[in-house]
Amino acid sequence: HGRRFYAFPLEVERLSGTTDTLPVLAPLELLEQTPAAGGDTLCVTGQIRSYNNRAPEGRRLVISVLAETMTLCSAAHDNRAELLGTICRAPVYRRTPLGREICDVMLAVNRPYRRADYLPCIAWGSLAHRCGGMEVGDQLRLTGRLQSRTYTKVSGDRSEERVAFEVSIMSLAAEVPTEKEEHTG
């Protein structure tokens, strides 16, 4: 649509001291309004977006934050995502070797023009147990944070270091009624 966008990494420190490096996509006009330099603290609000990159090496889900506002700030780091979406793949519930409950959930979050973003989410403990009991088609409202995680992808005799992005679920809202439940009665 004739707009220019720029991508840059944004580091956000967790309470644990671990740093997440999040990919931000910002329109040129927003960058021009917020003259920032490396090391500056930015407050960015926007949307988590995804698309399937169909590269010759294989398909890969690419996730980024589409910046809607950016300001220079001095606030403490706060990485917060609020999502409402539909579970689009059966949740995978399991236990770690140390016995911690964990559940992977793929959430489809609608956006305008009949599009959706597919966002991998991860829950731990009692939240994992709740998510593990959900089904494809269930709606989920959650609060979490977008986090980055480095892993090694092994293909045959070669290995490659990659970064995965997922929403770590911190809380679930009360059950969201599905469309079929709203119209019964």
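Residues numbered from 1 in each chain as written. Predicted model: local features only at pLDDT ≥ 70, side-chain atom pairs only at ≥ 80, totals over all residues. Heavy atoms only, no water.

### A word on the state of the cysteines
Next, step 1: For the structure shown, the criterion picks out one disulfide.
Next, step 2: Between Cys43 and Cys73 runs a disulfide, and the two sulfur atoms are separated by 2.1 Å. Taking the torsion about the sulfur-sulfur bond, which here is approximately 100 degrees, the covalent link between Cys43 and Cys73 counts as right-handed. Within this pair, whereas Cys43 is found in strand β3 (residues 42-55), its partner Cys73 is found in the loop between β4 (58-72) and β5 (81-95), the two being separated by 30 residues in sequence.
Next, step 3: Of the residues examined, Cys43 reaches a relative accessible area of 30% and is grouped as partly exposed.
Next, step 4: No disulfide involves Cys103; its sulfur sits 5.4 Å from the nearest other cysteine sulfur, which is in Cys131.
Next, step 5: The exposure class of Cys131 is buried, given its relative accessible area of 1%. (Disulfide = S-S within 2.5 Å. Helix = DSSP H or I, 4+ residues; strand = E, 2+ residues; numbered from the N terminus. Buried < 20%, exposed > 50% of the residue type's maximum accessible area, 1.4 Å probe, protein only.)

### Brief notes about the pairing of strand β9 (residues 158-172)
Next, step 1: Pairing geometry for strand β7 (residues 115-124) and β9, over two bridges, is parallel. In the strand pairing of β9, Cys121 is matched with Val167.
Next, step 2: Two elements, strand β8 (residues 139-155) and β9, share 14 bridges in a ladder whose sense is antiparallel. The residue bridging Ser155 from the neighbouring strand is Arg158, located in β9.
Next, step 3: Between β8 and β9, which pair antiparallel and follow one another directly, the connecting turn spans two residues, one of which, Gly156, has a positive phi of 65 degrees. (Pairing = 2+ DSSP bridges.)

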